[in-house]
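Here are the chains, one letter per residue:
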Amino acid sequence: VFDKIVAERSIQMAKKIIDQSCKIVIVTHISPDGDAIGSSLALCHFLLQLGKSVNIIVPNNFPTFLRWMSGAKNIVISELEERIAQQFIRTADLIFCLDFNVLCRVERLAPWIEKSVAKKILIDHHPLPGDFCDLNISYHEFSSTSELIFSFICRMDMSEYMDKNFAECIYTGMMTDTGAFTYNSNRPQIYRIIKELLGKGIDKDAIYNKVYNNYSESRIRLQGYILYQKMKIFEKYHTSLITLSCEEQNQFLWKKGDTEGFVNIPLSIKEVVFSVFIREEDNKVKVSFRSKGKFPSNRFAAEVFNGGGHLNASGGEFNGKLEDAIVLFEKKLPKYRYLLVRK
Ligand code: 5GP
Ligand code: MN
């Protein structure tokens with residue numbers, strides 16, 4: 001029933017490595033999103049069923065709208081519990097790297113993982129995987145790492161170890177990485193998997209509510225503020241820009257996850273094909289990109305903001321002041337005018 005995208009050799013190698021391991025660590029990228037947390041927890045549930053000792057380590061905290069997932073409360077947030085995180089990584093015999101393609105995406109965890117003598121397996125769906133694992137299971141054809149995890153376990157012939165908690169986590173990751181199945185979501189396989197997940201007893205409508213209808217009042221007011229007062233449209237380039245300073249975020253009682261999804265909104269304007277969100281963080285500037293159609297937002301992210309990601313969803317960073325990041329963006333944008341076209 002399912003596509004056989006993942007190489008059989010990789011499946012067998014991974015199966016053997018899992019067999020030979022007891023203490024397993026799962027790591028995922030900084031500012032974990034629904035797919036990062038969903039795929040990590042799903043893999044964790046699966047490995048626990050096999051009787052392994054499993055710990056998930058993330059570089060920093062994740063939004064509360066992901067905290068309802070089974071196992072989320074046991075995730076070690078390295079920024080808060082550095083010594084525990086370091087010890088788990090040091091004593092692991094297998095490390096899974098999920099939902100990132102280059103080691104710098106885990107920031108301060110990177111040197112520990114590099115130093116570790118554990119076997120390392122990358123499971124990811126970003127283009128251009130790096131070379132820091134013993135085994136790369138990296139396929140950008142998958143819409144999410146969660147979808148890839150599901151496929152991976154089926155291919156190992158171990159789907160009997162998928163329980164309802166597992167299914168909820170997989171669904172959450174698949175849903176959040178496709179904007180609730182509104183982009184990057186045309187592969188029929190996605191819906192075959194959803195059918196299986198429903199068979200495991202998940203309530204997909206309840207999951208949608210827990211993730212998307214779970215915000216604070218201040219977040220919605222912040223959304224109103226940015227759209228009414230802050231959004232700038234560059235008509236010539238079919239581009240929108242939203243910027244947000246620390247001061248403005250404090251004014252609206254910003255919490256982790258509050259600005260998630262804002263960058264998608266301007267894409268609902270007919271003429272806009274490229275949406276940019278530049279947000280000041282404690283000591284750096286974080287930039288998010290979204291695009292419609294063929295515009296390679298990840299190329300812009302890589303070339304201008306030292307980042308990367310997918311064609312239509314990417315991000316990067318700027319070390320400096322918010323104002324300077326905005327100046328840089330406005331200076332570089334015209335260079336992409338040939339690509340910034342509505343079709
Ligand atoms: P978001 O805008 O939701 O933070 O990120 C969207 C996607 O862009 C992420 O899933 C990730 O693939 C990529 N991304 C975000 N920030 C960075 C970054 O700083 N570096 C790289 N390489 N990719 C990023
Ligand atoms: Mn992902």
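Bear in mind the structure is a predicted one, so any value in this text is a computation, not a measurement.

**Student:** Describe the side chain of serine 275, with residues and values.
**Tutor:** Relative to the elements of secondary structure, serine 275 occurs in strand β9 (residues 274–281). Reaching out from serine 275, the side chain makes a polar contact with the side chain of serine 240 at a distance of 3.4 Å. In terms of polar contacts, serine 275 uses its side chain to reach the backbone carbonyl oxygen of valine 263, at 2.6 Å. Beyond its immediate chain neighbours, meaning those up to four positions away, serine 275 contacts Ser240, Val263, Pro266, Leu267, Ser288, Phe289 and Arg290.

**Student:** Give a detailed account of the coordination of the manganese ion (ligand 2), specifying residues and quantitative values.
**Tutor:** Taken together, Asp35 (OD), Asp99 (OD), His125 (NE2) and Asp177 (OD) make up the full set of protein donors to the manganese ion (ligand 2), lying 2.2 to 2.4 Å away. Sequence spacing of the donors to the manganese ion (ligand 2): D-x63-D-x25-H-x51-D. Of the two residues, aspartate 35 sits in helix α2 (residues 34–49) while aspartate 99 sits in the loop between β4 (94–98) and α4 (110–115), which places them 64 residues apart along the sequence. Assigned by exposure class, aspartate 35 and aspartate 99 land together as buried.

**Student:** Can you lay out the packing of helix α5 (residues 145–155) against helix α6 (residues 164–176) for me, pointing to particular residues and giving the numbers?
**Tutor:** At their nearest, the axes of α5 and α6 sit 7 Å apart, and the two run at 140° to each other. On the basis of their axis angle, the class for α5 and α6 is oblique. Listed contacts from α6 to Ser146, Glu147, Ile149, Phe150 and Ile153 of α5 are Phe166, Cys169, Ile170, Gly173 and Met174. Residues that form the contact of α5 with α6 fall into these classes: seven nonpolar, two polar and one charged.

**Student:** Account for the pairing of strand β10 (residues 284–291), naming residues and giving values.
**Tutor:** For β10, the buried fraction is high: six of the eight residues fall into the buried class. Relative to β10, β9 is paired through eight bridges, and the arrangement is antiparallel. Bridge pairing links glutamate 280 to valine 285 in β10. Counting the residues that bridge the hairpin from β9 to β10 gives two residues. Where β10 lies against strand β12 (residues 313–318), six bridges are found, and the strand directions are antiparallel. Residue serine 288 lies in a different strand from β12, and its bridge partner there is glycine 315.

So, how was this worked out
Residues numbered from 1 in each chain as written. Chains lettered and ligands numbered in written order. Predicted model: local features only at pLDDT ≥ 70, side-chain atom pairs only at ≥ 80, totals over all residues. Heavy atoms only, no water. Helix = DSSP H or I, 4+ residues; strand = E, 2+ residues; numbered from the N terminus. Polar contact = N/O pair within 3.5 Å; in protein donor to acceptor, adjacent residues only side chain to side chain. Contact = heavy atoms within 4.5 Å. Donors = N, O, S within 2.8 Å, 3.2 Å for Na, K, Ca; no water. Buried < 20%, exposed > 50% of the residue type's maximum accessible area, 1.4 Å probe, protein only. Axes fitted to C-alpha atoms, helices over the stretch in contact; angles between N-to-C directions. Parallel < 35°, antiparallel > 145°, perpendicular 65-115°, else oblique. Nonpolar A, V, L, I, M, F, W, Y, C, P; charged D, E, K, R; others polar. Pairing = 2+ DSSP bridges.

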